[in-house]
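Summary of structural features
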Amino acid sequence: MTSPHHGQTDTVTLPRAELDDLRGRLRELADRAEITGLVDRYVTLLDAQDAHGYDESWPRTVFTDDCRLEFPVGTVRGLDTAAAFHFDRKSRFARTHHLASNYGIALDGDTARVRVHILASHVHHDDGPDPGGRFDIGGYSEGETVRTPDGWRISRWRFHLVWSDGAGPRPGPAPTALRSSQPRPRTAPTPRKDDTVSPTPVPAPDPGSWRTATGEERLRAVEAFVCRTLETYLDVPPAHRIHRDRPLYAQGIDSLTALAFQRRLENALRIPVPTHHLLREQSVSELAATLDDLLTHAGRGQAATASV
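Examining the overall build of the protein chain
Scanning the protein chain for helices and strands turns up seven helices and six strands. When the elements of the protein chain are put in sequence order from the N terminus, they spell out α-β-β-α-β-β-β-β-α-α-α-α-α. Relative to its 308 residues, the protein chain shows a buried fraction of 39%. Taking as baseline every contact in the protein chain between residues at least 6 positions apart, the subset at least 24 positions apart corresponds to 64%.

Laid out in structure tokens, this is it:
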């Protein structure tokens, strides 16, 4: 009986061609993993770049010196402007949340073509932590990455917008302003004269009294009634406000809810309200002006009938 030699090791010998093939596959897997990590790092930084204030150094971990980035909101040419561009665009919102998926990576030596699907939600500054008026977008990004002494970097990048929902960006803080990206506590909104209507309950409309009111007085009454109707019909949360100047579709009115909203307005105002007025890119103020005109024409028609 013989005992095995404890110092003995098993040796596997592979043909050179097979060994080279394994090395090539391993390098390809490593490159794909690093490029995926690069894109993930960039997508995460879209949300976290300013968690501790303005940071001009992060683009060097993602882009080449001569990078070119194209978005619907602007273009970046060169590394020196990348940080300021991203900070300025993100500062127009209180918070953002980006997701990436469906990675397509075509390797070619020290370069690679990349395509990835992108979903992003943007929360406006005056919305609470449970916003009902987000700006959501979906699309895909494609570009080129290159191998550098510091690892893979993005040299060309372009975002293609496929769809969007909600009101777009509003003016935000200056790029040099430092701010926190953490959610704020849920608090009751402070009414602003420029784009909101007071949450004070609006009494049931009285079309008869509206027709005898002055033009501006009636227009404001119709506007307040439209906002109140939207609040009750859409069952919006307490932290949400109906805005005068945001499109109706951005506040919850779609092709189905528009029909029910139309019937509610017609029953209250006792005038026909064409559905297309609710589906176009009209704001509350624009709709109120349209309803005011319809009331005026209806009043003239009734007066003409009475005089016959």
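Brief notes about helix 1 (residues 16-48)
Taking 1.5 Å per residue as the helical rise, helix 1 with its 33 residues ought to reach 48 Å, and the 47 Å between its terminal C-alpha atoms agrees with that figure. Contacts from the buried residues of helix 1 go to strand 1 (63-71), helix 2 (82-90), strand 3 (95-108), strand 4 (111-123), strand 5 (135-148) and strand 6 (151-165).

As for the confidence of the model for the protein chain
Looking at the protein chain, the pLDDT average stands at 76 and 66% of residues meet or exceed 70. Segment residues 172-203 is flagged for pLDDT under 50; beyond a separation of four residues in sequence, or across chains, it makes 69 contacts in the model.

Examining the side chain of Thr-145
In this structure, Thr-145 sits in strand 5. Overall, Thr-145 belongs to the buried group, its relative accessible area being 0%. Thr-145 has contacts with Ile-35, Leu-38, Asp-110, Thr-111, Ala-112, Val-114, Trp-152, Arg-153, Ile-154 and Ser-155, leaving out every residue within four places of it along the chain.

Topic: the pairing of strand 6
As judged from the four bridges shared by strand 1 and strand 6, these two strands associate in the parallel manner. By the bridge assignment, Phe-63 is partnered in strand 6 with Ile-154. Across 13 bridges, the pairing between strand 5 and strand 6 is antiparallel. Within strand 6, the residue paired with Glu-142 across the bridge is Arg-158. Adjacent in sequence and paired antiparallel, strand 5 and strand 6 are bridged by two residues.

Topic: the packing of aromatic side chains
On inspection of all chains with the given rule, the structure shows seven aromatic pairs. A centroid spacing of 5.1 Å and a plane angle of 80 degrees characterise the contact between Tyr-54 and Phe-87, whose relative ring orientation is edge-to-face. One end of the pair, Tyr-54, is in the loop between helix 1 and strand 1; the other, Phe-87, is in helix 2, and 33 residues separate them in sequence. Ring geometry for Phe-93 versus Phe-135: centroids 6.3 Å apart, planes at 10 degrees, classification stacked. Of this pair, Phe-93 sits in the loop between helix 2 and strand 3 while Phe-135 sits in strand 5, and the two are 42 residues apart along the sequence. One aromatic cluster in this structure is built from Tyr-42, Trp-58, Phe-63 and Trp-157. Positioned above the aromatic ring of Tyr-140 is the side chain of Arg-115, whose terminal nitrogen or guanidinium carbon lies 3.7 Å from the ring centre.

Considerations on the pattern of salt bridges
Pairs may arise between side chains of opposite charge once their charged atoms sit close together. If you walk through the whole model with that rule in mind, you get 12 salt bridges. For Arg-92, the salt bridge is made with Asp-88, and the minimal N-O distance between the two is 3.0 Å. Residue classification places Arg-92 among the partly exposed residues on the basis of a relative accessible area of 27%. Under the relative-accessibility criterion, Asp-88 is labelled buried at 15%. The network of salt bridges with common partners includes Arg-27, Asp-31, Asp-110 and Arg-147.

Focus on the environment of Ala-83
By the element assignment, Ala-83 lies in helix 2. Between the C-alpha atoms of Ala-83 and Asp-50, which are 33 residues apart in sequence, the distance is 9.8 Å. In this structure, Ala-83 is in contact with Gln-49, Tyr-54, Asp-55, Glu-56, Trp-58 and Pro-59, ignoring residues within four places of it in sequence.

Side note on the sheet that holds strand 5
A sheet is described by the order of its strands in space; here six strands give the open sequence 2-1-6-5-4-3, paired in mixed fashion. Two strands close off the open sheet at either side, each with one partner strand: strand 2 (74-77) and strand 3. Between one strand axis and the next, the sheet turns by 15 degrees as a mean value, whatever way the strands run. Here strand 4 pairs with strand 5 via 12 bridges, running antiparallel. Directly across from His-117, in strand 5, lies its bridge partner Tyr-140.

Examining a nonpolar patch on the surface
A contiguous nonpolar surface patch, about 400 Å² in accessible area, is contributed by Leu-99, Leu-119, Val-162 and Trp-163. Turning to its location among the elements, Leu-119 is positioned in strand 4. A relative accessible area of 45% means that Leu-119 is categorised as partly exposed.

Regarding the environment of Gly-78
Looking at where Gly-78 falls in the secondary structure, it is placed in the loop between strand 2 and helix 2. Counting along the chain gives 13 residues from Gly-78 to Asp-65, while the straight-line C-alpha distance between them is 5.8 Å. Ignoring sequence-local partners within four residues, the contact set of Gly-78 consists of Asp-65 and Cys-67.

The rules behind these values
Residues numbered from 1 in each chain as written. Predicted model: local features only at pLDDT ≥ 70, side-chain atom pairs only at ≥ 80, totals over all residues. Heavy atoms only, no water. Helix = DSSP H or I, 4+ residues; strand = E, 2+ residues; numbered from the N terminus. Buried < 20%, exposed > 50% of the residue type's maximum accessible area, 1.4 Å probe, protein only. Contact = heavy atoms within 4.5 Å. Expected span 1.5 Å × (residues − 1). pLDDT = per-residue confidence, 0-100. Pairing = 2+ DSSP bridges. Phe/Tyr/Trp six-rings, centres within 6.5 Å; stacked < 30°, edge-to-face > 60°. Lys NZ or Arg CZ within 6 Å of the ring centre and 35° of its normal. Salt bridge = Lys/Arg side-chain N within 4 Å of Asp/Glu carboxyl O. Axes fitted to C-alpha atoms, helices over the stretch in contact; angles between N-to-C directions. Patch = residues over 30% accessible without salt bridge, like charges linked within 9 Å, V, L, I, M, F, W, Y side chains within 5 Å. Areas by Shrake-Rupley, 256 points an atom, 1.4 Å probe, with all protein chains shown as cover.

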